[in-house]
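Remarks on the overall topology
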Amino acid sequence: ASIVGQTVSDKTDAVTIGNAVEPSTPPTLAVVDGTIGVIDTTRTMLDEDDIDGEGDSQEVNGHLYGWDSEGDHSVDEIFEVVGDGTMNVVANDEGHECGTGTIVQVLDTDDNVVAYYVVIIFGDVNGDSIADGTDASAVEEHDAWGYGDYDRFFTYQIAAADIDSSTEADGTDASGIEEHDAWGYGDYDRIDVATILAALGF
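Residues numbered from 1 in each chain as written. Predicted model: local features only at pLDDT ≥ 70, side-chain atom pairs only at ≥ 80, totals over all residues. Heavy atoms only, no water.

1. Some words on the overall build of the protein chain
Convention followed: Comment: elements are numbered from the N terminus, with helices defined as DSSP H or I runs of at least four residues and strands as E runs of at least two. Under the scheme applied here, a residue whose accessible area is under 20% of the maximum for its type counts as buried, over 50% as exposed, and between as partly exposed, the area being computed with a 1.4 Å probe on protein chains only. Every residue pair with non-hydrogen atoms within 4.5 Å of one another is taken to be in contact. Areas reported here follow the Shrake-Rupley algorithm with a probe of radius 1.4 Å; residue values treat only the protein chains shown as occluding.
When helices and strands are tallied, the protein chain shows 4 helices and 7 strands. Across the protein chain, helices and strands are ordered from the amino to the carboxyl terminus as β-β-β-β-β-β-β-α-α-α-α. When burial is assessed residue by residue, the protein chain has 38% of its 202 residues classed as buried. A separation of at least 24 residues holds for 58% of the contacts in the protein chain among residues at least 6 apart in sequence. Within the structure as shown, the protein chain displays about 11,700 Å² of accessible surface, and the carbon and sulfur contribution to it stands at 45%.

Structure below.
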């Protein structure tokens, strides 16, 4: 038999079928179905914040929203990693793994951080995961910062304090947080996360 147009070699490259390593899928953070979680990628810099304790400002991939302001949360209630990787939750300065300022890192299979997010719980500016009178007082101090010796917020805290979606943390927000704190005791408004998210355009 003759073979036309081919060069026949006695060397054969062995190919083992079924043992090839599947290419890994880069991990991304996604919202768990059925929740009102939002990944806000419009906020990518924490400006002057040293949120990770490394001595400089931290570039982030975004803020994470979707929890109510009553505490006892976990990140995996609302967010999950899709693809080949894991999620690492770094507690905030208050020691909470799901309060304003908590860091969520997405890691690939080699444990490299491929994305970095900051948790925001509306009304919770001090990071204890609850919106209460302490937070309202802090918002009032921030609002008065330009007038005396008061504490000023970092940008992620302003995002948490801004429950009226005005882009500022001011007395109106402080009043709203106080009302939320008193909600169980009378006819007061509760912080409505879905309404805030809608006002932000999500």
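2. Things to note about the sheet that holds strand S6 (residues 103-108)
This is how it is decided: By this definition, two strands are paired if DSSP reports at least two bridges between them. Lines are fitted to the C-alpha atoms to define the axes, a helix being fitted only along its stretch in contact, and any angle between axes, read from their N-to-C directions, falls within 0 to 180 degrees.
Taken together, 5 strands build an open sheet; the order of strands is S2-S3-S7-S6-S5 and the sheet is mixed. For this open sheet the edge positions go to strand S2 (38-40) and strand S5 (85-90), each flanked by a neighbour on one side alone. Taking the axes of each pair of neighbouring strands and ignoring which way they run, one obtains an average angle of 30° across the sheet. Relative to strand S7 (residues 113-119), strand S3 (residues 62-65) runs parallel, the two sharing 3 bridges. Counterpart to Leu64 in the pairing with S7 is Val119.

3. Here's the deal with the packing of aromatic side chains
So the rule is basically this: Aromatic contacts are taken between Phe, Tyr and Trp rings whose centres are within 6.5 Å, Trp giving its six-membered ring; a plane angle under 30 degrees counts as stacked, one over 60 as edge-to-face, and the others as tilted.
Per the stated rule, a full pass over the model turns up 4 aromatic pairs. The interplanar angle of 55° and the centroid separation of 6.1 Å between the aromatic rings of Tyr65 and Phe202 together place this pair among those described as tilted. Linking Tyr65 in strand S3 with Phe202 in the segment after helix H4 (193-199), this pair joins segments that are 137 residues apart in sequence. Each member of the aromatic cluster is reached from another via a ring pair, and the members are Tyr65, Phe122 and Phe202.

4. Some details on a negative patch on the surface
What counts, and what does not: For patch detection, residues must exceed 30% relative accessible area and be free of salt bridges, and they are connected within 9 Å for like charges or within 5 Å for nonpolar side chains (Val, Leu, Ile, Met, Phe, Trp, Tyr). We define a salt bridge as a contact between a side-chain nitrogen of Lys or Arg and a carboxyl oxygen of Asp or Glu at a distance within 4 Å. Residues scored as positive are Lys and Arg, those scored as negative are Asp and Glu, and His as well as the terminal groups of each chain are ignored. A charged residue contributes its charge at one atom only: NZ of Lys, CZ of Arg, CG of Asp or CD of Glu.
A contiguous patch of negative charge on the surface is contributed by Glu140, Glu141, Asp143, Asp164, Glu168, Glu178, Glu179, Asp181 and Asp189. Put simply, the parts of the chain that give the negative patch at least two residues each are helix H1 (133-143) and helix H3 (171-182). With respect to the secondary-structure elements, Glu179 resides in helix H3. On the accessibility criterion, Glu179 (32% relative accessible area) is partly exposed.

5. Digging into the side chain of Ser129
The residue Ser129 is located in the loop between S7 and H1 in this model. Overall, the relative accessible area of 5% leaves Ser129 in the buried class.

6. Describing H3
We count it as follows: Here a helix's expected span is defined as the number of its residues, less one, multiplied by 1.5 Å. N or O atoms within 3.5 Å of each other form a polar contact, as long as, within protein, one can give a hydrogen and the other can take it, and as long as residues adjacent in sequence are counted only when both atoms are side-chain atoms.
The end-to-end C-alpha separation of H3 is 16 Å, in line with the 16 Å expected for 12 residues at 1.5 Å each. Every buried residue of H3 is accounted for by Asp173, Ala174, Gly176, Ile177, His180 and Ala182. On its buried face, H3 sits against H1 and helix H2 (155-161). For H3, the N-terminal cap is Asp170; the gap from its side-chain oxygen to the backbone nitrogen of Thr172 is 3.2 Å.

7. What to know about the side chain of Asp135
Within the element layout of this structure, Asp135 appears in helix H1. Buried charge Asp135 goes without a salt bridge, the closest partner of opposite sign being Arg190 at 13 Å. A polar contact is formed between the side chain of Asp135 and the backbone nitrogen of Asn126, at a distance of 3.1 Å. With residues near it in sequence (within four places) discarded, Asp135 still touches Gly123, Asp124, Val125, Asn126, Asp128, Ile130 and Ile177.

8. Comments concerning the nonpolar core
Applied cut-off: To qualify as a nonpolar core, a set must consist of buried Ala, Val, Leu, Ile, Met, Phe, Trp, Tyr and Cys residues joined through side-chain atoms within 4.5 Å.
Ranked by size, the top nonpolar core spans 25 residues in total, and within it Ile120, Phe122, Val139, Ile177 and Ile191 carry the most contacts. Elements that contribute at least two residues to this core include exactly S7, H1, H2, H3 and H4. Sorting elements by how many residues they give to this core places H2 first, with 4 residues.

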